[in-house]
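Residues per chain are reported as follows:
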Amino acid sequence: MFAGPGLSRPDTTNPAATVPIRVTVTDRAIRMSPSSAPRGVEGEFIVTNRGTKVHTIVVKDVGVGKRPGFTARLRPDQQKIFVMFLDYRGMLQCYSTDGSALKGTFRVT
């Protein structure tokens with residue numbers, strides 16, 4: 001009796017690429033760099049408060065899928081990291097819930 005070779009397909013075992021996305025919050029703006037990433041990658045959102053006030057930042061899907069996203073409360077000079085698998089195309093909305101008009105967007109292409 002002969003057994004067949006146990007070959008695995010390398011395209012099924014590769015992990016998803018990780019894209020670092022820097023979210024910088026100041027007292028006047030939210031900047032996201034880069035501002036887009038391709039579908040099918042893990043987005044590593046590195047959220048940093050460079051302002052002088054405490055900010056609560058929300059990143060969420062505004063499309064049909066309505067993925068949960070994340071919320072981060074950051075003191076001045078504090079940083080938090082969140083990982084989100086970007087498995088759909090569309091816009092992610094980023095905004096502050098502390099009464100300021102801080103907004104930003106991120107596109108999944």
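Helix and strand counts for the protein stand at 1 helix and 9 strands. Buried positions account for 34% of the 109 residues belonging to the protein. Counting contacts in the protein only where the partners sit at least 6 residues apart, residues at least 24 apart contribute 63% of the total. For the protein, the accessible surface area stands at approximately 7000 Å², while carbon and sulfur atoms represent 51% of it.

To continue, consider the pattern of salt bridges. Pairing between side chains of opposite charge can happen when their charged atoms approach one another. As enumerated under the stated definition, the model contains 1 salt bridge in all. One salt bridge connects R50 with D77, and the closest N-O pair in it is separated by 3.5 Å. Placement of the pair is R50 in the loop between β4 (41-49) and β5 (55-61) and D77 in the loop between β6 (70-74) and β7 (79-86), with a sequence separation of 27 residues. By the burial criterion, R50 is exposed, and D77 matches it.

So, about the side chain of S96. Its place among the elements puts S96 in strand β8 (residues 90-96). Looking at S96, the relative accessible area reads 7%, which means it is buried. S96 has contacts with I30, H55, T56, I57 and L102, leaving out every residue within four places of it along the chain.

Thresholds applied
- Residues numbered from 1 in each chain as written.
- Predicted model: local features only at pLDDT ≥ 70, side-chain atom pairs only at ≥ 80, totals over all residues.
- Heavy atoms only, no water.
- Helix = DSSP H or I, 4+ residues; strand = E, 2+ residues; numbered from the N terminus.
- Buried < 20%, exposed > 50% of the residue type's maximum accessible area, 1.4 Å probe, protein only.
- Contact = heavy atoms within 4.5 Å.
- Areas by Shrake-Rupley, 256 points an atom, 1.4 Å probe, with all protein chains shown as cover.
- Salt bridge = Lys/Arg side-chain N within 4 Å of Asp/Glu carboxyl O.

It is worth stressing that arrangement in space is one thing and function is another; only the former is reported here.
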